[in-house]
Amino acid sequence: MNKKTIAAIAGVAVIAAASVTAMNINRSTPADTDDDFQYVVDNFADIEILRYKVPGFEDLSLRQKQLVYHLTEAALAGRDILWDQNCAFNLPVRRLVENVYTSWDGAPDNPDFLALTTYLKQIWMGNGIHHHYSSDKFVPAFSEQWFRSRVDALPEVDQPDPDTLDELCKVIFDPTVLPKRVNQADGEDLVLTSACNLYGGGITQQEVEDYYASIKTPGDSTPVSWGLNSRLVKTGEGTVDEQVYRVGGLYSPAIERIVTHLSKAAEFAENDTQRQVIDELIDYYRTGDLRKWDSYSILWVGDNDSQVDFINGFIENYGDPLGMTGAWESIVNFKNEEASRRTSVLSSEAQWFEDHSPVDPRFRKPEVKGVTAKVITAAILAGDSYPSTPIGINLPNANWIRANHGSKSVTIENITQAYDAASHGSGFNEEFVIDNATAKLLDDYLFITDNLHTDLHECLGHGSGRLLPGVDPDALKAHGSTIEETRADLFALYYLADPKLVELHLLDNPEAYKAEYYKYMLNGLMTQLMRIEPGKDVEEAHMRNRKLIAEWVLEKGAPDNVVELVKHDGKTYLRINDYEALRGLFGQLLAEIQRITSEGDYPAAAALVEKYAVKVDPAIHKEVLDRYATLSIAPYKGFVNPVYEQVIDNNGNVVDITVRYDEGYVDQMLRYSRDYSLLR
Ligand code: ZN
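Only a predicted model underlies this, so the values are computations on that prediction, with no experimental measurement involved.

Our focus in this paragraph is the sheet that holds strand 10 (residues 408-412). Read from one edge of the open sheet, five strands run 6-7-8-10-9, paired in mixed fashion. Since the sheet does not close on itself, it has two edges, and those belong to strand 6 (308-316) and strand 9 (392-395), each with one partner. The average undirected angle you get between the axes of adjacent strands in this sheet is 35 degrees. Where helix 14 (residues 337-348) meets the sheet, its contacts fall on strand 7 (327-335), strand 8 (372-383) and strand 10, and the angle it forms with strand 8 comes to roughly 130 degrees.

Next up, the structure:
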């Protein structure tokens with residue numbers, strides 16, 4: 001509804017950000033507790049690398065498997081594009097550090113070598129020299145002198161020339177060089193001060209803004225996503241040059257490989273619509289024409305019959321300080337028919353939920369547009385969705401396409417399942433949950449209620465409500481994202497406790513919702529603080545939204561003691577005394593947040609955010625950090641992909657595609673660097 005904000009919250013990356021803390025506390029596993037599948041693959045710095053399963057792949061037809069196979073190859077072919085988009089030095093740094101790593105023949109416990117190994121794992125995780133989440137540059141713990149001596153020992157062909165080596169060493173070791181990938185500090189030139197490689201030649205923010213203002217058509221009701229697939233540079237003559245990502249343009253070798261695999265995939269399309277989707281995407285990659293990206297997106301939204309689906313392109317713009325250029329990414333997936341029943345039931349009841357929501361009827365939608373929602377199984381993660389990955393996707397991002405043609409919303413359940421399984425035995429519940437009865441509640445119902453919360457948030461929450469006529473969709477300005485996420489979360493929380501969900505057979509116990517309520521409050525009041533450094537405020541929109549909700553209901557429920565923080569042996573615990581009253585408070589806050597949104601009441605939004613969402617109590621913050629430090633829980637998770645292989649018979653025919661799960665993080669990254677290094 002808030003146009004700009006919907007685009008910003010809609011996409012992949014933000015849902016990923018929401019996922020990490022949400023998953024830490026999950027303990028129940030829906031299907032398989034019986035096997036010895038190793039979910040945790042690696043640990044380093046603030047990262048844990050997990051593995052995910054692809055249940056149901058074996059049951060696909062050979063034709064579908066071949067479709068998936070070629071789409072996964074098209075996904076892996078784009079890897080270097082994202083690396084180069086993130087920073088111009090990423091590919092040469094990766095190559096050099098990998099060479100030093102693989103040529104090491106000294107003691108495996110040499111401190112410099114161990115530090116280099118950690119650094120290499122970090123840059124693989126960040127798709128470059130900056131952290132994937134904070135976008136701060138990594139700090140190497142090995143010495144420059146040692147590194148240079150190792151570079152000297154490389155075969156001559158792997159050695160950069162002296163000037164290049166000096167430059168790369170500055171990039172790696174000097175903290176003042178390219179310190180932040182995306183700078184969003186007020187009052188600075190965001191283009192000049194960001195290390196990302198989406199702009200070049202010393203072009204200023206003003207020059208970028210002037211350029212796009214000069215080519216946009218005012219009042220265009222179907223505008224293309226300007227700047228989505230290009231790098232903008234100032235040339236030596238001082239003119240502005242838009243370098244388009246396309247065959248024959250920027251990143252051509254990688255894009256050509258993507259197109260080759262997409263063409264092969266098209267031969268195995270499940271139906272004509274899907275073939276058209278792939279063909280249109282190929283056309284877009286060949287021409288770089290953004291109108292083709294829009295026509296592809298419209299076709300893609302309309303393809304609801306195919307079981308196999310994918311995204312592949314320049315999509316989310318969080319990596320651009322000006323929010324224009326899309327980071328390259330791909331996810332290949334297929335529908336989980338069983339679990340999709342859940343989301344199709346919800347979307348078919350969308351109008352009921354809208355009509356019964358606890359907001360002023362003036363702010364409700366008289367007619368809710370269909371949201372297609374499904375649960376999917378990811379087969380490969382690539383580009384900006386790898387190794388850190390979303391648990392949900394809601395695309396396309398273009399507002400006019402969403403309004404006129406709808407959008408697709410998906411929950412990636414084999415990823416949430418991996419998070420859940422990996423959290424077993426972390427000691428989280430024992431440390432933070434108040435008593436055994438509550439821990440049991442979480443064991444039994446958190447997995448399903450957490451997934452339902454995501455479903456409700458994505459396929460109903462964001463789509464609910466409307467602006468009053470004449471209200472500027474950007475009226476809430478910098479607080480727009482936080483308020484929008486608050487609205488969607490409250491919608492989900494409120495309905496999670498509704499008897500309607502039991503009636504629809506989405507839950508089998510009217511008390512199940514309490515599991516999510518407990519986890520949500522615990523996270524919002526305490527445990528999410530483990531991602532904040534001491535002394536800092538809460539900045540990220542989803543974290544602010546959770547804090548806003550939890551702190552507000554804690555305060556408003558205090559007279560009736562609805563929720564309280566109690567001390568046992570010097571430790572703080574959350575106790576919920578009245579779950580029904582808590583639901584009532586969520587409903588009250590939803591009504592107010594919807595009013596603020598519908599009326600564009602900026603002062604009220606700012607007051608709520610400033611009072612409840614930003615400032616951290618230093619005592620509780622320190623306590624949470626200290627208690628976390630005793631557990632082995634990494635703040636961020638990444639994933640390795642499965643390995644797909646063609647089985648070819650004596651006549652050269654592909655007779656099967658197999659999937660295996662035995663590749664480690666280092667082996668996978670080195671293999672990708674070997675087989676998919678398509679850019680120089
Ligand atoms: Zn959201």
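For helix 5 (residues 90-103), built from 14 residues, the straight-helix expectation of 20 Å at 1.5 Å per residue is met to within 8% by its first-to-last C-alpha distance of 20 Å. In terms of burial, helix 5 is largely enclosed, as 10 of its 14 residues are buried. Along helix 5, the residues classified as buried are N90, L91, V93, R94, R95, L96, V97, E98, V100 and Y101. Check the buried side of helix 5 and you find it contacts helix 4 (79-86), helix 6 (111-126), helix 7 (144-152), helix 8 (162-173) and helix 27 (665-675).

Moving on, we get to the state of the cysteines. As used here, a disulfide is simply a covalent bond connecting the sulfur atoms of two cysteines. Scanning the model with the defined rule gives zero disulfides in all. Distance from the sulfur of C87, which forms no disulfide, to the nearest cysteine sulfur (C196) is 8.6 Å. A relative accessible area of 1% means that C87 is categorised as buried.

The omega torsion of the bond from Y386 to P387 falls at -5 degrees, within 30 degrees of zero and hence cis. For P387, the location among the structural elements is in the loop between strand 8 and strand 9. The peptide bond linking L395 to P396 adopts the cis configuration, its omega dihedral lying at 0 degrees. For N561, which is not a glycine, the phi torsion comes out positive at approximately 55 degrees. Along the chain, N561 turns up in the loop between helix 23 (541-556) and strand 11 (563-568). Residue classification places N561 among the partly exposed residues on the basis of a relative accessible area of 35%.

Here we come to the nonpolar core. F147, L262 and Y285 are the most contacted members of the largest nonpolar core, which totals 121 residues. Top contributing element to this core by residue count: helix 6, with eight residues. If we ignore the near neighbours within four places in the chain, the residues touching F147 are L96, V97, V100, L116, F142, C169, I172 and F173. Core analysis: the next-biggest nonpolar cluster, separate from the first, contains 82 residues, L442, L504, L529 and A605 among them.

Turning our attention to helix 13 (residues 290-302). Between the first and last C-alpha of helix 13 there are 19 Å, a value that for 13 residues agrees with the 18 Å anticipated at 1.5 Å per step. Looking only at helix 13, the buried set comprises L290, W293, D294, Y296, S297, W300 and V301. Angular distribution of buried residues about the axis of helix 13 spans 160 degrees; they occupy a single face of the element. Next to the buried residues of helix 13 lie helix 12 (272-287), strand 6, strand 9, helix 16 (399-405) and strand 10. The N-terminus of helix 13 is capped by D289, whose side-chain oxygen sits 2.9 Å from the backbone nitrogen of R291.

Protein coordination of the zinc ion is provided by H457 (NE2), H462 (NE2) and E485 (OE), with donor distances spanning 2.1 to 2.2 Å. Between the donor residues of the zinc ion, the gaps in sequence give the motif H-x4-H-x22-E. A residue pair is termed long-range when its members are at least 10 positions apart, and H462 in the loop between helix 19 (436-461) and helix 20 (480-496) and E485 in helix 20 qualify at 23 residues. Its relative accessible area of 4% is what places H462 among the buried residues. Judged by relative accessible area, E485 falls into the buried class, the value being 1%.

Reading guide: rules and limits
Residues numbered from 1 in each chain as written. Predicted model: local features only at pLDDT ≥ 70, side-chain atom pairs only at ≥ 80, totals over all residues. Heavy atoms only, no water. Pairing = 2+ DSSP bridges. Helix = DSSP H or I, 4+ residues; strand = E, 2+ residues; numbered from the N terminus. Axes fitted to C-alpha atoms, helices over the stretch in contact; angles between N-to-C directions. Contact = heavy atoms within 4.5 Å. Expected span 1.5 Å × (residues − 1). Buried < 20%, exposed > 50% of the residue type's maximum accessible area, 1.4 Å probe, protein only. Disulfide = S-S within 2.5 Å. Core = buried A, V, L, I, M, F, W, Y, C linked by side-chain atoms within 4.5 Å. Arc of directions from axis to C-beta. Polar contact = N/O pair within 3.5 Å; in protein donor to acceptor, adjacent residues only side chain to side chain. Donors = N, O, S within 2.8 Å, 3.2 Å for Na, K, Ca; no water.

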